[in-house]
Amino acid sequence: MPQPVIESLMPGAGIEGGEVVITCRDFLFSTHDEARVKFDGIESRPISASSTRVIAPIPSSSLVEAGEVWITLETNGSASAGHTFVAGRKLSENLHPVANPAVDSEGRVFVTFSGARGQQVPVSIFSIDRDFQ
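Here the structure is a predicted model, which means the values were calculated and not measured.

Asks: Now, about the overall build of the chain: what can you tell me, with residues and values included?
Replies: Looking only at helices and strands, the chain has 0 helices and 13 strands in total. Computed over C-alpha atoms, the radius of gyration of the chain comes to 18 Å, more than 25% over the 14 Å expected from 2.2 N^0.38 for 133 residues, which places it beyond the range of a compact globule. Referenced to the eigenvectors of the C-alpha coordinate spread, the extents of the chain come out at roughly 60 × 35 × 25 Å. Looking at the 133 residues of the chain, the share that counts as buried comes to 27%. A total of about 8400 Å² of accessible surface is found on the chain, and carbon and sulfur atoms cover 50% of it. With 10 positive and 16 negative side-chain charges, the chain shows a separation of 4 Å between the mean positions of the two kinds.

Below is the structure:
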């Protein structure tokens, strides 16, 4: 049986709750239960899988360390070589962002916040510094 090969990842970075699309070849399996994706050895059950494309959720940051990790495809004792992926750290929850955040030259993250539909918020721009404050 040929060894699966990871050709590309989209996106190349993400945080828990996100998904990564893995373009591959020779990822051969008989049942969906046999298809496995691992992030530094932590298994993530694919949402969708075929011999050429896999969609997998990014595991919780409590399981996978932030930084560069290896993604592998595994089935029936056959595993791909690893492909690098950057796992981010979730900084906040329960926000309703207007658009993607911006990062300045000092590493501060700026996000806009509109609140839930119909909600008026007292502050609409937030800054998170490198110490996560």
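The structure having been displayed, the exposition proceeds.
Asks: Run through the sheet that holds strand 11 (residues 102-103), naming residues and quoting values.
Replies: What the 3 strands build is an open sheet, ordered 11-12-13; its pairing is antiparallel. Each having just a single partner strand, strand 11 and strand 13 (125-128) make up the two edges of the open sheet. As defined by bridge partners, strand 12 (residues 109-112) adjoins strand 13 across 4 bridges and the pair is classed as antiparallel. Of the residues in strand 13, the one forming a bridge with F110 is S127.

Asks: With reference to specific residues and values, describe the pairing of strand 10 (residues 83-87).
Replies: Bridge count between strand 2 (residues 13-14) and strand 10: 2 bridges; the pairing is parallel. Within strand 10, the residue paired with G14 across the bridge is A87. Inspection of the sheet shows strand 8 (residues 67-75) paired to strand 10 by 5 bridges, in the antiparallel sense. For V69, the partnering residue across the bridge sits in strand 10 and is F85.

Asks: A description of empty space enclosed by the protein should follow, citing residues and the corresponding values.
Replies: In this structure the tally under the stated criterion is 1 cavity of 30 Å³ or more. Size it by volume and the largest cavity reaches roughly 40 Å³. Lining the largest cavity, in full, are I15, E16, I58, P59, S60, S61, V64, A87 and G88. When the residues that make up the lining of the largest cavity are grouped by side-chain class, the tally is 5 nonpolar, 3 polar and 1 charged.

Asks: How would you explain the sheet that holds strand 7 (residues 53-57) if you had to name every residue and give the values?
Replies: Taken in spatial order, the 4 strands make up an open sheet running 1-3-7-6, and their pairing is antiparallel. The open sheet terminates on both sides in strands that have one partner only, identified here as strand 1 (5-10) and strand 6 (48-49). As paired strands, strand 6 and strand 7 are joined by 2 bridges and run antiparallel to one another. For A49, the partnering residue across the bridge sits in strand 7 and is V54.

Asks: Now, about the pattern of salt bridges: what can you tell me, with residues and values included?
Replies: One pass over the structure, following the stated rule, counts 5 salt bridges. The partner of R25 in a salt bridge is E7, and the shortest N-O contact between them spans 2.9 Å. Placement of R25 in strand 3 (residues 19-25) and of E7 in strand 1 is noted, with a sequence separation of 18 residues between them. The closest approach of N and O atoms between R45 and D33, which form a salt bridge, is 2.7 Å. In this pair, R45 sits in the loop between strand 5 (42-44) and strand 6 while D33 sits in the loop between strand 3 and strand 4 (36-39), placing the two residues 12 residues apart along the sequence. The residues R45 and D33 share a single accessibility class, namely exposed. Through salt bridges that share partners, D104, E106 and R108 make up one connected network.

Conventions used here
- By convention here, each chain's residues receive numbers from 1 onward along its written sequence.
- Side-chain atom pairs in this predicted model are given and counted only at pLDDT of 80 or more, local residue features only at pLDDT of at least 70, and totals for whole chains, interfaces and linings cover all residues.
- Based on all heavy atoms of the structure, the side-chain values leave hydrogens and waters out of the count.
- Helical segments are the DSSP runs of H or I of at least four residues, strand segments are the runs of E of at least two, and each set is numbered from the N terminus.
- Only C-alpha atoms enter the radius of gyration, while the globule expectation follows 2.2 Å times N to the 0.38, with N the number of residues.
- Accessibility here uses a 1.4 Å probe with only protein chains present; expressed as a share of the type maximum, an area under 20% marks a residue as buried, one over 50% as exposed, and anything in between as partly exposed.
- Note on areas: Shrake-Rupley with a 1.4 Å probe; residue coverage comes only from the protein chains shown.
- Charge counting follows a simple rule: Lys and Arg are positive, Asp and Glu are negative, and His as well as the terminal groups are ignored.
- Charge positions are represented by NZ for Lys, CZ for Arg, CG for Asp and CD for Glu.
- Criterion used throughout: strands pair if DSSP finds at least two bridges between them.
- A cavity here means a set of points on a 1 Å grid, drawn over the protein atoms and nothing else, where a 1.4 Å probe fits but cannot get out; a pocket is an open set with protein on both sides within 12 Å along at least five of seven lines, and a residue lines either one if it has an atom within 4 Å of a point.
- Grid points are joined across faces, edges and corners, and a volume is the space filled by probe spheres set on the points.
- Polar here means any residue other than Ala, Val, Leu, Ile, Met, Phe, Trp, Tyr, Cys and Pro, which are nonpolar, and Asp, Glu, Lys and Arg, which are charged; Gly is therefore polar.
- Salt bridge, as used here: a side-chain nitrogen of Lys or Arg that lies within 4 Å of a carboxyl oxygen of Asp or Glu.

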